[in-house]
Amino acid sequence: MYATTHIPKVIAADAAVRNSSAASPGIQLVDLSLSYGKGKSEFQVLHQIELSLSLDEFICILGPSGCGKSSLLNIMAGYTKPSSGYVAIDGNVHTKPTSQVGVVFQHANLFPWLSAAGNVEFGLRMAGVSKQKRKEIAAQYIELVGLEAAAKRLPHQLSGGMKQRTALARTLATEPRIVLMDEPFSALDALTREAMQLHIRKIWQHTRRCFFLITHDVDEALLLGRRIIVMHPNPGRIVQDIANPLFDSINESTFHDVRSSKAFINMRYQLLSLIAAANV
Ligand SMILES: Nc1ncnc2c1ncn2[C@@H]1O[C@H](COP(=O)(O)OP(=O)(O)OP(=O)(O)O)[C@@H](O)[C@H]1O
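Residues numbered from 1 in each chain as written. Predicted model: local features only at pLDDT ≥ 70, side-chain atom pairs only at ≥ 80, totals over all residues.

Colleague: Help me out: how do you make sense of the overall build of the chain in this one?
Modeller: The number of helices and strands found in the chain is 9 helices and 10 strands. With respect to the three principal axes, the spread of C-alpha positions in the chain is 55 × 50 × 35 Å. For the chain, the residues scored as buried account for 40% of the 280 residues in total. Within the chain, counting contacts between residues at least 6 apart in sequence, those at least 24 apart form 69% of the total. (Helix = DSSP H or I, 4+ residues; strand = E, 2+ residues; numbered from the N terminus. Buried ≥ 20, exposed ≤ 12 C-beta atoms within 10 Å, placed from the backbone. Contact = placed C-beta atoms within 7 Å.)

Colleague: I keep staring at the UniProt feature "domain: ABC transporter" (unreviewed entry) in the chain and nothing clicks. Help me out?
Modeller: Mapped onto this numbering, the UniProt entry annotates "domain: ABC transporter" (unreviewed entry) at residues 27–258. Helix makes up 33% of residues 27–258 and strand makes up 27%, while its end C-alpha atoms are separated by 30 Å. (UniProt positions renumbered as here; feature names shortened; annotations may be inferred.)

Colleague: What am I meant to see in the nonpolar core here?
Modeller: As a rule of thumb, nonpolar side chains are buried together in soluble globular proteins. Leu-62, Leu-180 and Phe-212 are the most contacted members of the largest nonpolar core, which totals 74 residues. Ranked by residue count, the leading element in this core is helix 5 (residues 160–173), at 6 residues. Excluding residues that lie within four positions of it along the chain, Phe-212 makes contacts with Ile-59, Met-76, Ile-178, Val-179, Leu-180 and Met-181. (Core = buried A, V, L, I, M, F, W, Y, C linked by C-beta atoms within 7 Å.)

Colleague: Honestly, the site of the ligand in this entry has me stumped. Any pointers?
Modeller: By nearness alone, every residue bordering the ligand is listed as Tyr-36, Val-45, Gly-63, Ser-65, Gly-66, Cys-67, Gly-68, Lys-69, Ser-70, Ser-71 and His-216. A breakdown of the residues in the shell around the ligand according to their chemical character gives 3 nonpolar, 7 polar and 1 charged. (Near = placed C-beta within 6 Å. Nonpolar A, V, L, I, M, F, W, Y, C, P; charged D, E, K, R; others polar.)

Colleague: Could you clarify how one ought to interpret the sheet that holds strand 1 (residues 27–36) in this entry?
Modeller: Judged by pairing direction, the sheet is antiparallel, and its 4 strands sit side by side in the order 2-1-4-5 without closing on themselves. Edge strands, defined here as strands with exactly one partner in the open sheet, are strand 2 (43–53) and strand 5 (92–93). Summarising the sheet, strand 1 and strand 2 pair through 7 bridges and their orientation is antiparallel. Counterpart to Leu-32 in the pairing with strand 2 is Ile-49. Lying over the sheet, helix 2 (residues 69–77) contacts strand 1, strand 2 and strand 4 (84–89), oriented at roughly 60° with respect to strand 2. (Pairing = 2+ DSSP bridges. Axes fitted to C-alpha atoms, helices over the stretch in contact; angles between N-to-C directions.)

Colleague: Sorry, what's going on with the sheet that holds strand 7 (residues 178–182) here?
Modeller: Strands sit in the order 6-7-8-3-9-10 across an open sheet of 6 strands; the sheet is mixed. Among the strands making up the open sheet, the edge pair consists of strand 6 (101–104) and strand 10 (237–243). Pairs of neighbouring strands in the sheet enclose a mean axial angle of 20°, with direction left out of account. With 6 bridges joining them, strand 9 (residues 227–232) and strand 10 adopt antiparallel strand pairing. Residue pairing across strands places His-232 opposite Arg-237, the latter belonging to strand 10.

Colleague: Mind showing me how you'd approach helix 6 (residues 190–207) here?
Modeller: Along an α-helix, residues three or four apart share an orientation, since each turn contains 3.6 residues. In this model helix 6 runs 25 Å from its N-terminal to its C-terminal C-alpha over 18 residues, within 8% of the 26 Å that 1.5 Å per residue would give. Along helix 6, the residues classified as buried are Met-196, Gln-197, Ile-200 and Ile-203. Buried residues of helix 6, viewed axially, fall in a sector of 135°; they line one side. Structural note: helix 6 exposes Leu-191, Gln-205 and His-206 on the side pointing more than 90 degrees away from its buried face. Next to the buried residues of helix 6 lie helix 4 (131–144), helix 5 and helix 7 (218–224). Of the residues one or two after helix 6, Arg-208 is the one with positive phi, at around 50°. (Expected span 1.5 Å × (residues − 1). Arc of directions from axis to C-beta.)

Below, the structure is given as structure tokens:
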């Protein structure tokens, strides 16, 4: 992570990034703080968040409810302006939603009148991609998420997991540099959730984009994150940045064994203790 102490807040960010090592590839969150409200009702939600992400990172953000995870994601998506600090992608300050950043939410929010394939094509249509080309690209991403057989179905004919896979394909089809996911599996039943966790690992291995996933679930973070960030609240801040030692050993055939291994149970205990320390 590059030095930031001398960098003034939002206003000077553009110049600072142009002149700094942030011109290197990747995503930098620099001295990000966020407050909501004004005057007496003002409260700080995020405090001096510093993160440097590579473009092929799978990073999970863990933290208790209200610690500012979604607020952080909203800043990264360009939906919320930070009170200070900035986000840079490949050295360019990022302040509003762009095709470089894709977002997948807890609910798939598919267009009900479009088929799964039609939903995947939608972003491409908005980007002006020709009909022939967008059909080709949509077919590739439908295949990547394993939905070929359901491509023509309308959203109400899809299961919860299928809807989320469609939403993921729709986001990936526009080829964002970073894919932000806000508890994408939390509305799914346990079995579907597990299938989705395995699936998303494969998709990440295939696409090698930066996946930034918010979760409440320690097991999910351990199964998915190559890197796990733990946040504490009041105000929201990063208290741990861990390289997951189990990440490389997890695949479809080891998934269940790793989950019941001593190393996994120890890591889970450490992470739960860290999160619980937020309430002490
Ligand atoms: N638009 C807003 N205006 C005012 N306060 C907000 C707004 N959005 C979020 N907050 C407050 O900011 C704090 C952080 O909320 P945020 O949703 O970012 O946390 P979170 O860690 O994602 O929570 P959860 O895990 O429960 O989804 C909370 O106290 C919340 O009430």
